[in-house]
Every structure is written in structure tokens, then in C-alpha cells.
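The lines below spell out each chain.
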Amino acid sequence: MQRPVQLGRTCGELTVSKDQTDSCSLEVSLGRLRLANPVLVGSGTFGYAREMEHLVDLARLGGIIPKTITAEPRIGNTPWRTIETAAGMLNSIGLDNDGIEAFVQHHLPYLSSLPVPVIVSIAGRTSDEFVEMAARLDGLKGVAGIELNISCPNVSGGVDLGTDPQMCEKVVAGCRAACGVPVIAKLTPNVTDIQVIARAAEAGGADAISAINTCLGMAVDWRRARPLLGNVMGGLSGPAIKPIALRIVYQIAAAVDIPIIGIGGIANVDDVMEFLVTGATAVQIGTANFYNPTATMTILDQLPDALDELGATSVQEVVGSLRP
Ligand SMILES: Cc1cc2nc3c(=O)[nH]c(=O)nc-3n(C[C@H](O)[C@H](O)[C@H](O)COP(=O)(O)O)c2cc1C
């Protein structure tokens, strides 16, 4: 699926990455946002990036999405908040964060110093709160885009905006009007018809769609007859959800014309290629950052050869090339 290349208004200078060679272009566009390569890191799995600077060459990343912020500080859910499961993990962090003002004061200065687009993930309790947060971030140095987390399964009412098409369109349109940077809607897989929600995000003016957030799940200690997570239910992530995420990217690609960022169980270059071919223009690495913090670097090392294997000289050539 070929899409026009447009320069973002406030995404900063495009980093010409050392992964970019004359023979192969890793550059991609997410609507108005241009990235040096399609490998981003997912919200909640990479802290605020500073924690990772000794492990990862941050300048090589296509983009960074820090932990979701909320209008006010949140202490998050009762422990246990993470549980390992077969081929995945369950989490019910509950959007533990210090709030938007602390983010702007303490984390944004560092993030804005990085030569990489930073897409700030926000979550409001209501549509109006989302819009207020988008307006607060508008024009701030270092904010290349905003990802609307309308899909967190771990806060009360957190998924409502992402499960109701009218609310989804309203919140996206409101945020789009409130800020000049690209707006990305992050969708939940926990719906009956993802295409309806994706179309609503597109109708609201989303520049791109991120899919997927975690799948609602549970873990149980049968001897104590207790749920293992303090919040009872949590979000399943990791390789266990990759087939679900691929299916959803495929369905969204058939429903909308805006770019998709594929997320879900991506851990190596083969996973990345699967998502690109299925219809994603870029990907986010999530849970893999926990057990293999340099996964993104290995993927970037290997991506040009994987594209070459298909005879492609750019990422864009393979996007959506699946032949069902
Ligand atoms: C511990 C943990 C915390 C997360 N926190 C957030 C968050 O704050 N905001 C968000 O949009 N997604 C959050 N996610 C979801 C991930 O960004 C990603 O969408 C999901 O985990 C699926 O990708 P993965 O299988 O590669 O991890 C979190 C995931 C995990 C495992």
C-alpha cells in the first residue's frame, strides 16, 4: 500500500540514521510524521527512555513513546501488578505516573534532547480531559506527536472511549483540533468489531492508528482460590498475542487509509516483517524490551537484509504486500 510522504510540522529534524544506506531506505511516514525507520518502542515498556540509555543507542530508534501520562498523578493498582504467563505476561499497572505537569517538568527536557521523535502517550478520564491534555502539550519542544491511550484495560472506565465508535471519533477530533502535532489513536483488541473503531478514529482525523494494546486476561492460584493480580484482571502482552495483533492489523488495513503502527508480541526481525507485510507501516516493541532490552538494536541491524530478501529497497514497498 503506497502512501504519500509528507513532512511533519513539529516532528523536528529527520534523523538520518546509520541504518539508512544508499541501497535501502528505512524511512517511513505516519501521516504528517516522518520517521527515520519503522522501529519504535511501546508505551509502558521503555520507561521515560533515560532508564534505557546505557543499554540502547536511543538515536537509532524510529521513535519513542514514553509511559502514558494522565492529568493528575496516579499511584496505580494494588500488587501484584505483573505475572508471567505462557509466552507472555499479564500486567495491571493501572497507569502509575506522576501526572502531566511532572512529565513536562522532569521528563520532557531529557526526551526533547534526543535526536528521535517522541510521541507522548496520554490518557484522560473523559474526552474533555484528553483534549485538555492535548492542548497542554501543544507547541512544547520535543513533542513530535500524541498517542491517545483510549485502550488501557487497567483503569476504571479506561477502555470506554476505545470501545465506543462515537466516543472514539469525538476524542480524536477534539485532540486533533487542540494540538498541531500528529495524533495517533491506540486501539484495544477487546472489542467485537475493530474495523468500526478504526473507521471512527480515521473519521475523527487520526493521523495513524496504533494496534494493539493488551488483551484482557486473568491468572489464578487455584490452591488459594485467589486471582494472582491485585486488580483481578490485567492486560496480556508478549508473543502470546502476536497472532491476535496480526489479525487486527490486517482487518484495520482493510478498513482505513491511514497508516497503522503494529504492536503485539514483536520480538525479532521476522515479527517486524510479518507486521509490515500484513499492513503496518511501523511497529512498536513492547514486552520484548523487558526480557531482551536490545531487541530493537538487533532488529535494526537485521532489517535491511530482511527487506533485501524480498527484493525491496524501502520499507514502504513491503507494507501491505500480503497476498491472501
Ligand atoms: C508492563 C506494561 C505496561 C504498559 N503500559 C502501557 C501504558 O502506559 N500505555 C499504553 O498505551 N500501553 C501500555 N502497555 C501496552 C504496550 O504498549 C503494548 O501495547 C502491549 O504490551 C502489546 O505489545 P507487546 O506484546 O509487544 O508488549 C503496557 C504493557 C506492559 C507489558
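These remarks concern the structure in this document. These numbers come from a predicted model, not from an experiment.

1. Quick word on helix H1 (residues 100–112)
Then, in step 1: Taking 1.5 Å of rise per residue, the 13 residues of H1 would be expected to cover 18 Å, yet its terminal C-alpha atoms sit only 15 Å apart, more than 12% below that figure.
Then, in step 2: Three or more residues of H1 are buried, namely Ile100, Ala102, Phe103, Val104, Leu108, Tyr110, Leu111 and Ser112.
Then, in step 3: Where H1 is buried, its residues contact strand E4 (63–64), strand E5 (69–70), strand E8 (119–123) and helix H2 (127–137).

2. Focus: unusual backbone geometry
Then, in step 1: Across the junction of Pro79 and Trp80, the peptide omega takes the value -10°, indicating a cis bond.
Then, in step 2: Looking at where Trp80 falls in the secondary structure, it is placed in the loop between E5 and strand E6 (82–85).
Then, in step 3: Across the junction of Ala211 and Ile212, the peptide omega takes the value 20°, indicating a cis bond.
Then, in step 4: For Leu95, which is not glycine, the phi dihedral falls at a positive 55°.

3. What about the nonpolar core?
One recurring pattern in soluble globular proteins: nonpolar side chains tend to sit buried together.
Then, in step 1: Within the largest apolar cluster, 103 residues are counted, with the highest numbers of intra-cluster contacts made by Leu58, Ile122 and Ile252.
Then, in step 2: Apart from residues lying up to four places away in sequence, Leu58 is in contact with Phe46, Ala49, Met52, Glu53, Ile64, Tyr110, Leu114 and Val116.

4. So, the pattern of salt bridges
Then, in step 1: Evaluated as defined, the whole model comprises 10 salt bridges.
Then, in step 2: Residue Arg136 pairs with Glu101 through a salt bridge whose shortest N-O separation is 2.8 Å. Pair noted here: Arg136 is in helix H2 and Glu101 is in helix H1, with a separation of 35 residues, a long-range link.
Then, in step 3: Judged by relative accessible area, which is 41%, Glu101 ranks as partly exposed.
Then, in step 4: Put simply, Arg125 and Glu129 hold a salt bridge, and the shortest N to O gap is 2.5 Å.
Then, in step 5: The class of Arg125 is exposed, set by a relative accessible area of 61%.
Then, in step 6: For Glu129, a relative accessible area of 11% puts it in the buried group.
Then, in step 7: Look at the salt bridges and you will find they share partners, linking Arg32, Arg176 and Asp207 into a network.

5. Overview of the sheet that holds E8
Then, in step 1: Spatial strand order, E4-E3-E17-E16-E11-E10-E9-E8-E5: nine strands in an open sheet with parallel pairing. The open sheet is flanked by E4 and E5, the only strands paired with a single partner.
Then, in step 2: Pairing geometry for strand E16 (residues 260–263) and strand E17 (residues 282–285), over three bridges, is parallel. Residue pairing in the sheet places Ile261 in a bridge with Ala282 of E17.
Then, in step 3: Lying over the sheet, helix H9 (residues 295–309) contacts strand E3 (39–41) and E17, oriented at roughly 175° with respect to E3.

6. Structural notes on the pairing of E17
Then, in step 1: The side-chain alternation of E17 yields two buried faces, one formed by Ala282 and Gln284 and the other by Val283 and Ile285.
Then, in step 2: Alignment of E3 against E17, held across three bridges, turns out to be parallel. Pairing of Leu40 across the sheet is with Gln284, part of E17.

7. Overview of the side chain of Glu147
Then, in step 1: Position of Glu147 relative to the elements: it lies in strand E9 (residues 145–149).
Then, in step 2: No salt bridge is formed by the buried Glu147; its nearest oppositely charged neighbour, Lys186, is found at 4.2 Å.
Then, in step 3: Side chain to side chain, Glu147 and Gln284 meet in a polar contact 3.0 Å long.
Then, in step 4: Setting aside residues up to four positions removed in sequence, Glu147 forms contacts with Ser43, Ile65, Ile119, Val120, Ser121, Ile122, Ile184, Lys186, Ser210 and Gln284.

8. A closer look at the site of the ligand
Then, in step 1: Lining the immediate environment of the ligand, one finds 23 residues, of which Ser43, Thr68, Gly238, Gly265 and Thr287 sit closest.
Then, in step 2: Contact distances for the ligand include 2.7 Å between an oxygen atom and a backbone N or O atom of Gly265.
Then, in step 3: Protein coverage of the free-state accessible area of the ligand, which is 600 Å², stands at 97%.
Then, in step 4: In terms of residue class, the shell around the ligand is built from six nonpolar, 15 polar and two charged.

So, how was this worked out
For every chain, the first residue of the written sequence is number 1, and numbering continues from 1 onward in sequence order. The predicted origin of the model limits local features to residues at a pLDDT of at least 70 and limits the giving and counting of side-chain atom pairs to 80 or more, whereas totals for whole chains, interfaces and linings rest on all residues. To get the side-chain values, take all heavy atoms of the structure and skip hydrogens and water. Numbering of helices and strands starts at the N terminus; helices are DSSP runs of H or I of at least 4 residues and strands are runs of E of at least 2. A helix is expected to span 1.5 Å for every residue after the first. Throughout this description, buried means an accessible area under 20% of the type-specific maximum (1.4 Å probe, protein chains only), exposed means over 50%, and partly exposed covers the range between. Residue contacts are defined here by distance: any two heavy atoms, one from each residue, within 4.5 Å place the two residues in contact. Throughout this description, the term nonpolar core refers to a set of buried Ala, Val, Leu, Ile, Met, Phe, Trp, Tyr and Cys residues connected via side-chain atoms within 4.5 Å. Any carboxyl oxygen of Asp or Glu that lies within 4 Å of a side-chain nitrogen of Lys or Arg is treated as forming a salt bridge with it. The rule for pairing is simple: two strands pair if DSSP sees at least two bridges between them. Helix axes use the C-alpha atoms of the stretch in contact, all axes being lines fitted to C-alpha atoms, and the angles between their N-to-C directions lie in the range 0 to 180 degrees. Note on charges: Lys and Arg go in the positive column, Asp and Glu in the negative column, and His and the chain ends are not counted at all. Here a polar contact means two N or O atoms within 3.5 Å. Within protein one must be a hydrogen donor candidate and the other an acceptor candidate, and residues neighboring in sequence count only if both atoms are side-chain atoms. Proximity is defined per residue: if any heavy atom of the residue lies within 4 Å of a molecule or strand, that residue is considered near it. Only the protein chains shown count as covering a residue, and every accessible area follows the Shrake-Rupley method with a 1.4 Å probe. Classification used: nonpolar for Ala, Val, Leu, Ile, Met, Phe, Trp, Tyr, Cys and Pro, charged for Asp, Glu, Lys and Arg, polar for all others including Gly.

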